[in-house]
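Notes for the structure review
Residues per chain, in single letters:
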Amino acid sequence: MSSGSEDILQFAPWESFVSPTFWHKLAELKLDYDRLSDAQRSISGHYTNRKATGCLLEADYTSFNSTGQPPKFSHAAVGTIYNKNTIEEFKALDKLTLLSNEGKKLLSDMCNDRVAGDPSLLTRFFVLSFADLKCHSYYYWFAFPCPLTPTLKLQGAVTRLSDLTNSSKYAEALQSLAPESQNFFILYANGQQNEVVETRSLSSLNESEVEHYYFGFADPSEYEHPAWLMRNYAAYLLQRFPCFVGKTLRFLGLRYNQQMQMDDSLIWNVVQSEACDLTKTEDVKFVGWELNKNGKMGPRMVCMRDSMDPAKLAENSINLNLKLMKWRLVPDLNLEIISQTKCLLFGAGTLGCAVARNLLSWGFKRITLMDSGKVGFSNPVRQNLYTHADAVAGNRMKATTAAQRLRDINPSAETVGHVLEIPMPGHTIGKSLRAQTEQSLQLIEQQVQAHDVIFLLTDSRESRWLPTLLGAAYQKIVINAALGFDSYLVMRHGSTRDMAGDSGREIEGLKCITGNQLGCYFCNDVTAPGNSLKDRTLDQQCTVTRPGVSNIAASYAVELLVALLQHPQRELAPAYYTQTGRLQISADAGKVPEGLLGILPHSVRGMLCNYENILPATQKFAQCIACSAPVLSAFRNEGHAFLFRTFETAKYLEDLTGISEFKRLNSEIIDFDDAEFDMSEDDED
């Protein structure tokens, strides 16, 4: 141990030790809660005096908890974080002023004697930071403010607790002290023959007994010098009791080894000869900025990219754009409902691939695809989830390949592909295929029930009938997208749920259809779907469209779904339209009530030939062959038997709904005898 009659006491400076979890939590809070706010946030840290290395103050994800206990064998430190929005603000901030302001908080706690009730206030610290969330880099600078007071001079040698007479009594008294009270305390020893040794709290301090006191603290230093926190401890004592100035004060740095023995604890006898009035805060200067790793005055930087799990890193980066929307543009955007929504896509072709990619962009993670096709050589240029290698392989099924590609893009996505044929009206099923069709029906029905949203993205009208029926029967959100050569239709099907709450308000010049009265894809038809591939040439069998049409339609389909999910009534949200059926940029359009992301049309019909969109809305058709009451009732009562009759002949649907009679009446033609209406030139006069 060093010795000397008037050596200046030096202190071991704090060293910050920041867990990666601290930065992950800071990023989460910045994205989800603070956003554009750079207001200060209270945090906490902790330090330990058990087998201490260096003089560490640690921070982790628990530092942001409003209440909490430090880890076992550790003590709490009170902190604040100033997280700036830009690196320029981080650099330009007046560091001296910030240190002074934080130091004045410390002085206020000392002078108002709040420290006596909560001694952890003496271990105040703060962090100035900037989080570069795109690069996962964090710039930070810790400071441990301390008033610049007259020097403390060491009186005599530094001694060990174990060297004291009756050291066992001291150890016994210290062991009786509760762990949460060991950060700052008083050890009383009367020094008489029958020596009394006991621990006391700071609030019980009596200035007349100072010669019997050891001012104890949990010392996280491994050096001969005491930890930095003793400097604030001494400043507090000398401010509260000015009579201590010029007197020798004994400080006990309590240190434990791995076996929780306190033999390594040290005692310093110190004196401060000059008085210092800390109540005059404007005259007090402060020190405490931490040196960087190069031993210079400046901030530090840590990059968390390499230490993060690649899947977690991808998820954070993918969600970054979505969470930034909530900062300024759409603060009320509900991303949780998006991430929890399960989407079932019928069709994994051009529309299916585009819709799936857009769903990923919006943060949808649970996507299931159904398709029976294989990846062909014509597919990769139009269907962005497939490659030329998939086509060369010759046996890559679209549904399973697309599901795998989605997981390649976003590893946290939960995607599944099912290879199956969708049974269709008018497509007769032979006995040899009946068992397989039964299995397909069971799987389709099971998947519809397990999902929240159904997308109809197949390349034929009749293949959309069964998903439409099931979506209505099981009250699912159904989004339909269909393509022409240079046109597209995107629509939401009307809900079969009962209406609750606001049914839509009347607006002059506009008509309103409530969400449960909107029509489906088949409501405008007066005929049942048949076999659209029968007796068709190649150009009629394939979906021949301008290449941009599918991407436009897919984008509208996903955006329509997101707008529905953000609306308080979801699929029951009403649709408004003008007398002409068009909602264009006009005075009428401005009157349409908007949801969080704008208006909610029933359908969007667009033409690339004139770059025009119209927003018509239609009501449910009482004789619809997909969503009308007779069809739903027959399905619920008869199940698959009803479906197989429909697959045998589409006319069964027409008879069931009454469309056959409607067509008969509509097509009656009165035969006229031309002779009866012969008009000669004479008659013209």
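What counts and what doesn't
Residues numbered from 1 in each chain as written. Predicted model: local features only at pLDDT ≥ 70, side-chain atom pairs only at ≥ 80, totals over all residues. Heavy atoms only, no water. Helix = DSSP H or I, 4+ residues; strand = E, 2+ residues; numbered from the N terminus. Buried < 20%, exposed > 50% of the residue type's maximum accessible area, 1.4 Å probe, protein only. Contact = heavy atoms within 4.5 Å. Areas by Shrake-Rupley, 256 points an atom, 1.4 Å probe, with all protein chains shown as cover. Pairing = 2+ DSSP bridges. Right-handed = clockwise from strand over helix to strand, strands pointing away. Salt bridge = Lys/Arg side-chain N within 4 Å of Asp/Glu carboxyl O. Axes fitted to C-alpha atoms, helices over the stretch in contact; angles between N-to-C directions. Parallel < 35°, antiparallel > 145°, perpendicular 65-115°, else oblique. Left-handed = near helix turned anticlockwise from the far one by under 90°. Nonpolar A, V, L, I, M, F, W, Y, C, P; charged D, E, K, R; others polar. Phe/Tyr/Trp six-rings, centres within 6.5 Å; stacked < 30°, edge-to-face > 60°. Core = buried A, V, L, I, M, F, W, Y, C linked by side-chain atoms within 4.5 Å. pLDDT = per-residue confidence, 0-100. 1 Å grid on protein atoms, 1.4 Å probe; cavity = no way out; pocket = protein on both sides within 12 Å on 5 of 7 lines; lining within 4 Å. Points joined across faces, edges and corners; volume = space filled by probe spheres on them. Polar contact = N/O pair within 3.5 Å; in protein donor to acceptor, adjacent residues only side chain to side chain.

**Re the overall build of the chain**
Counting its regular elements, the chain contains 20 helices and 26 strands. Buried residues in the chain amount to 50% of all 685 residues. Taking contacts inside the chain between residues at least 6 apart in sequence as the whole, the part at least 24 apart equals 74%. Of the roughly 32,600 Å² that the chain leaves accessible, carbon and sulfur atoms contribute 49%.

**What about the pairing of strand 20 (residues 453–456)?**
Burial along strand 20 is two-sided: the face carrying V453 and F455 and the face carrying I454 and L456 are both buried. Across four bridges, strand 17 (residues 342–346) lies against strand 20 in parallel orientation. Residue L345 lies in a different strand from strand 20, and its bridge partner there is F455. Across four bridges, the pairing between strand 20 and strand 21 (residues 477–483) is parallel. Within strand 21, the residue paired with L456 across the bridge is N480. One crossover worth recording links strand 20 to the parallel strand 21 by way of helix 13 (residues 465–473), and it is right-handed.

**Observations regarding the pattern of salt bridges**
Under the criterion given, the structure shown has 22 salt bridges. Among the salt bridges present, the one from K105 reaches E102, with a minimum N-O distance of 3.0 Å. Taken as a pair, K105 and E102 lie in helix 3 (residues 95–111) at a separation of three residues, close to a single helical turn. With relative accessibility at 28%, the residue K105 sits in the partly exposed group. The exposure class assigned to E102 is buried, which follows from its relative accessible area of 0%. The salt bridge partner of K104 is E282, with a shortest N-O separation of 3.4 Å. You can see K104 sitting in helix 3 and its partner E282 sitting in the loop between strand 14 (266–271) and strand 15 (286–289), a full 178 residues away along the chain. Note on K104: relative accessible area 25%, which makes it partly exposed. Where salt bridges share partners, they join E102, K105, D109, R114 and R124 into one cluster.

**Some remarks on the side chain of Q239**
Mapped onto the elements, Q239 comes out in helix 6 (residues 229–240). Apart from residues lying up to four places away in sequence, Q239 is in contact with C111, C276, D277, L278 and T279.

**Observations regarding unusual backbone geometry**
Positive phi, close to 65°, is recorded for F73, a residue that is not glycine. Looking at the secondary structure, you find F73 in the loop between strand 4 (56–59) and strand 5 (74–84). The partly exposed category is assigned to F73, whose relative accessible area is 33%.

**Concerning the packing of helix 12 (residues 431–450) against helix 17 (residues 640–648)**
Direction vectors running N to C along helix 12 and helix 17 enclose 120°, while the axes themselves pass 12 Å from each other. Considering their axes alone, helix 12 and helix 17 lie oblique with respect to each other. Between helix 12 and helix 17 lies a crossing whose hand is right-handed. Packed against helix 12, whose contacting residues are R434, T437, E438, L441, Q442 and E445, the element helix 17 presents H640, L643, F644 and F647 at the interface. Looking at the contact of helix 12 with helix 17 residue by residue, the classes come out as four nonpolar, three polar and three charged.

**What to know about the packing of aromatic side chains**
Taken as a whole and judged by the stated rule, the model has 31 aromatic pairs. When the centroid spacing of 6.4 Å and the interplanar angle of 90° are considered together, the rings of F215 and Y233 count as edge-to-face. Taken together, the residues F215 in strand 12 (residues 213–218) and Y233 in helix 6 connect sequence positions 18 residues apart. Summarising the burial analysis for this pair, F215 and Y233 share the class buried.

**What to know about helix 17**
Buried within helix 17 are the following residues: H640, F642, L643, F644, T646 and F647. In this fold, the buried residues of helix 17 make contact with helix 12, helix 13, helix 16 (629–638) and helix 18 (651–657).

**Here we look at the nonpolar core**
Core analysis: the largest hydrophobic core is formed by 81 residues, its most contacted members being M110, F215, Y233, F244, F251, W268 and V270. Per-element tally for this core: the top contributor is helix 6, with eight residues. Residues F364, A391, A554 and A557 belong to the second largest nonpolar core, which totals 52 residues.

**Describing the environment of A311**
Checked against the element boundaries, A311 lands in helix 7 (residues 310–328). On the basis of relative accessible area, A311 is assigned to the partly exposed category, the value being 30%. Sequence spacing of A311 and P411 is 100 residues, and the spatial spacing of their C-alpha atoms is 5.8 Å.

**Some words on the confidence of the model for the chain**
This prediction gives the chain a mean pLDDT of 88; 90% of its residues lie at or above 70. Overall, residues 535–541 carries pLDDT values under 50, and its contacts beyond four positions in sequence, including any with other chains, amount to four contacts.

**Side note on the layout of surface pockets**
Taken as a whole, the second largest pocket holds about 660 Å³ of empty space. Forming the walls of the second largest pocket are 30 residues, and the residues nearest its centre are H75, P179, E180, S181 and Q182. Contributing elements (two or more residues each) for the lining of the second largest pocket: strand 5 and helix 4 (114–117). Counting residues per element, the lining of the second largest pocket draws most heavily on strand 5, at three residues. Here the lining of the second largest pocket is composed, by residue class, of twelve nonpolar, 13 polar and five charged.

**Details of the side chain of E290**
Position of E290 among the secondary structure elements: in the loop between strand 15 and strand 16 (300–303). Here S16 takes part through its side chain, which lies 2.8 Å from a polar atom of the side chain of E290. At 3.2 Å, the side chain of E290 forms a polar contact with the side chain of R300. If we ignore the near neighbours within four places in the chain, the residues touching E290 are W14, E15, S16, W141, F142, A143, F144, M297, G298 and R300.

**Digging into the sheet that holds strand 18 (residues 366–371)**
The strand order across the open sheet formed by eight strands is 19-18-17-20-21-22-25-26, and the pairing between neighbours is mixed. Either end of the sheet is taken by a strand with one partner, and the two such strands are strand 19 (414–419) and strand 26 (612–614). Here the average twist between neighbouring strands, direction ignored, is 15°. In the sheet, strand 18 pairs with strand 19 via six bridges, with the strands oriented parallel. What sits directly across from M370, in strand 19, is H418. Packing against the sheet, helix 9 (residues 350–361) makes contact with strand 17, strand 18, strand 20 and strand 21, and its axis sits at approximately 165° to strand 17.

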